[in-house]
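Here is what each chain is made of, one letter per residue.
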Amino acid sequence: MQCTKCDKRKALTEYSFKNEEEKIYYLYCDSCRNESQQTQKKYKEKAMENYNLNKTINKIECSCGITYVSYRNFHMIRHINSKKHKQSLEIKIKI
Ligand SMILES: [Zn+2]
Ligand SMILES: [Zn+2]
């Protein structure tokens, strides 16, 4: 069977079943499938790393005393309109 990814002809033993009952094989050979799974995994890990990094970079310390994470403007707007923010500011003003 020819792998649709590396275009090499390989024995069926180098392929896995997509559906074992119906004897349907994956179109990618096992090594190509591994490779693409690894790439996907790396991509996900990288995305997670970026996500965690953003979380620390985008910490905003508001004048109300609350520190919150903001990735987008709407997070900031949402915080400023939140009860928490308004109440904390009121308390501060009274003091
Ligand atoms: Zn292949
Ligand atoms: Zn605030």
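Residues numbered from 1 in each chain as written. Chains lettered and ligands numbered in written order. Predicted model: local features only at pLDDT ≥ 70, side-chain atom pairs only at ≥ 80, totals over all residues.

1. Looking at the overall build of the protein
- A tally of helices and strands in the protein yields three helices and four strands.
- Secondary structure elements in the protein, listed N-terminal to C-terminal, are β-β-α-β-β-α-α.
- Principal-axis analysis of the C-alpha atoms gives the protein an extent of 80 × 25 × 15 Å.
- Across the 95 residues of the protein, 2% fall into the buried class. (Helix = DSSP H or I, 4+ residues; strand = E, 2+ residues; numbered from the N terminus. Buried ≥ 20, exposed ≤ 12 C-beta atoms within 10 Å, placed from the backbone.)

2. Focus: helix α1 (residues 30-57)
- For α1, which comprises 28 residues, the first-to-last C-alpha distance of 40 Å matches the rise-based estimate of 40 Å (1.5 Å per residue) to within 8%.
- Of all 28 residues that make up α1, one are buried, and the element is exposed over most of its length. (Expected span 1.5 Å × (residues − 1).)

3. Some thoughts on the domain arrangement of the protein
- Partitioning the protein into domains gives domain 1 (1-57) and domain 2 (58-95).
- Facing four residues of domain 1, the contacting portion of domain 2 comprises four residues.
- Partitioned by chemical class, the residues of the side of domain 1 that touches domain 2 number one nonpolar, two polar and one charged. (Domains from an automatic or database assignment. Contact = placed C-beta atoms within 7 Å. Nonpolar A, V, L, I, M, F, W, Y, C, P; charged D, E, K, R; others polar.)

4. A word on the environment of K44
- For K44, the position within the fold is in helix α1.
- Residues K44 and S16, 28 residues apart in the sequence, show an inter-C-alpha distance of 24 Å.

5. Focus: the environment of M1
- Considering the arrangement of structural elements, one finds M1 in the segment before β1 (17-19).
- Take M1: there are 14 C-beta atoms within 10 Å of it, and that puts it in the partly exposed class.
- As a C-alpha pair, M1 and C29 span 28 residues in sequence and 8.9 Å in three-dimensional space.

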